[in-house]
Amino acid sequence: MSPPCHTSALLLVFMALAAAGAQQSEERSCDVIGDESSESQMERALLKKLEPLSHMRFNVTVEKGKTENYVYHFRVCREVNSTSHDFGGLVQTNRENGKTTVIGRINETQVFNGSDWIMLIYKGGDSYGSHCSGEKRRAVIMISCKRGVTASSFSIISEEREKEQECFYLFEMDSSVACPAENSHLSVGSILLITFVSLIAVYIIGGFLYQRLIVGAKGMEQIPHFAFWQDLGNLVADGCDFVCRSKPRNAPAAYRGVGDDQLGEESEERDDHLLPM
């Protein structure tokens, strides 16, 4: 093989390996149960809403005496262990012997929501042994609204395995992604207040410019309808004076001070006996 052909072959091999590596490194995401065409717009929107949590990992440890000691690993719409390619979105690990059990798989996902919560369900987990008629395990994760928190408080609530069918593991966590959009609409009172303030601003600015540029007013006369507002202020002041005065205007004084005229009269009376007869 000639050197150019050998080089081309090596390039093709490297490109094929790079493409295979990129395909393997791309993580799988949630696949809603059913055909892709049967997915509703609501389900697609909810999965998109959960995307900010996809890069996070959650763990919770459960100890029940000496017989049950487990760690639960959870990821939102991603595989817990992408190298195993088992689609496990929620996996249980026995801390005693290291055995792993897939509780639910992301390729069998259900998702729906309420006003302030999102419920994520992974089905198709490993089969039960002696419980629940040997059906496959299922994980139910309740994500509740908590504003200002990306994700926290992941915990297991219970495991229902005493029934014949429809057994499940129930988990819960808090996240802001489950919160409804905040209503930013203004109230009627706010709209009226803004309108009123805007009209006052237009009246003052427009009236000031008219008085100054058209009428040619100076000083305080530039205020629109200055005489009217001056009279109104006087009327308000009179009304306040009338209502708030603590005693009538014509009420006699309770105490009269000694004036100079009184002192003068009394001094003259005192000096009368000193005059010669």
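Residues numbered from 1 in each chain as written. Predicted model: local features only at pLDDT ≥ 70, side-chain atom pairs only at ≥ 80, totals over all residues. Heavy atoms only, no water.

**Remarks on the overall build of the chain**
Next, step 1: Helices and strands together make up the secondary structure of the chain, namely five helices and eight strands.
Next, step 2: From first element to last, N terminus to C terminus, the chain shows the α and β order α-α-β-β-β-β-β-β-β-β-α-α-α.
Next, step 3: Of all 277 residues assigned to the chain, the portion counted as buried reaches 26%.
Next, step 4: For the chain, contacts bridging at least 24 residues in sequence account for 49% of all contacts bridging at least 6.
Next, step 5: Total accessible area on the chain stands at roughly 19400 Å², and carbon and sulfur atoms take up 57% of it. (Helix = DSSP H or I, 4+ residues; strand = E, 2+ residues; numbered from the N terminus. Buried < 20%, exposed > 50% of the residue type's maximum accessible area, 1.4 Å probe, protein only. Contact = heavy atoms within 4.5 Å. Areas by Shrake-Rupley, 256 points an atom, 1.4 Å probe, with all protein chains shown as cover.)

**Looking at the environment of aspartate 174**
Next, step 1: Residue placement: aspartate 174 occurs in strand E8 (residues 168-175).
Next, step 2: By relative accessible area, which is 21% here, aspartate 174 ends up partly exposed.
Next, step 3: Sequence spacing of aspartate 174 and cysteine 145 is 29 residues, and the spatial spacing of their C-alpha atoms is 5.9 Å.
Next, step 4: Aspartate 174 has contacts with Ser144, Lys146, Thr150, Ala151, Ser152 and Ser153, leaving out every residue within four places of it along the chain.

**Looking at the confidence of the model for the chain**
Next, step 1: Summing up the model confidence of the chain, the mean pLDDT is 81 and the portion of residues at 70 or higher is 78%.
Next, step 2: Per-residue pLDDT stays below 50 along residues 18-24; that stretch engages in zero contacts with residues further than four places along the chain or on separate chains. (pLDDT = per-residue confidence, 0-100.)

**A word on the pairing of strand E1 (residues 57-64)**
Next, step 1: As paired elements, E1 and strand E2 (residues 68-75) share eight bridges and run antiparallel to each other. Of the residues in E2, the one forming a bridge with lysine 64 is glutamate 68.
Next, step 2: Between E1 and E2, which pair antiparallel one after the other, the connecting turn spans three residues, and glycine 65 there sits at a positive phi close to 65 degrees. (Pairing = 2+ DSSP bridges.)

**Let's talk about the pattern of salt bridges**
Next, step 1: According to the stated counting rule, one finds eight salt bridges in the structure shown.
Next, step 2: The salt bridge involving arginine 28 is made with glutamate 79; its shortest N-O contact spans 3.6 Å. In this pair, arginine 28 sits in the loop between helix H1 (3-25) and helix H2 (41-49) while glutamate 79 sits in the loop between E2 and strand E3 (88-94), placing the two residues 51 residues apart along the sequence.
Next, step 3: On the basis of relative accessible area, arginine 28 is assigned to the partly exposed category, the value being 32%.
Next, step 4: Between arginine 105 and aspartate 126 there is a salt bridge, and its shortest N-O distance comes to 3.3 Å. Taken together, the residues span a long stretch of sequence, with arginine 105 in strand E4 (residues 100-113) and aspartate 126 in the loop between strand E5 (117-124) and strand E6 (139-145) at a distance of 21 residues.
Next, step 5: Members of the salt-bridge network, linked through shared partners, are Glu27, Glu51, Arg75 and Arg78. (Salt bridge = Lys/Arg side-chain N within 4 Å of Asp/Glu carboxyl O.)

**Regarding the UniProt feature "transmembrane region" (unreviewed entry) in the chain**
Next, step 1: Taking the numbering used here, the UniProt-annotated feature "transmembrane region" (unreviewed entry) corresponds to residues 186-210.
Next, step 2: With 92% helix and 0% strand, residues 186-210 has its two end C-alpha atoms placed 34 Å apart. (UniProt positions renumbered as here; feature names shortened; annotations may be inferred.)

**A closer look at the nonpolar core**
Next, step 1: Counting 34 residues, the largest nonpolar core has Leu50, Tyr72, Phe74, Leu90, Tyr122 and Ile141 as the members making the most contacts within it.
Next, step 2: Mapped by element, the contributors of at least two residues to this core are H2, E1, E2, E4, E5, E6 and E8.
Next, step 3: Every residue in contact with leucine 90, bar those within four places of it in the chain, is listed here: Tyr72, His73, Phe74, Val80, Thr101, Val102, Ile103, Gly104, Tyr122, Ala139, Ile141 and Phe171. (Core = buried A, V, L, I, M, F, W, Y, C linked by side-chain atoms within 4.5 Å.)

**Considering the packing of aromatic side chains**
Next, step 1: One pass over the full model with this rule turns up twelve aromatic pairs.
Next, step 2: Pairing phenylalanine 228 with tryptophan 229 gives two aromatic rings, centres 5.0 Å apart and planes at 70 degrees, and the pair type is edge-to-face.
Next, step 3: Overall, tryptophan 229 belongs to the partly exposed group, its relative accessible area being 40%.
Next, step 4: For arginine 137, the ring lying beneath its charged end belongs to tyrosine 128, and the centroid distance is 4.6 Å. (Phe/Tyr/Trp six-rings, centres within 6.5 Å; stacked < 30°, edge-to-face > 60°. Lys NZ or Arg CZ within 6 Å of the ring centre and 35° of its normal.)

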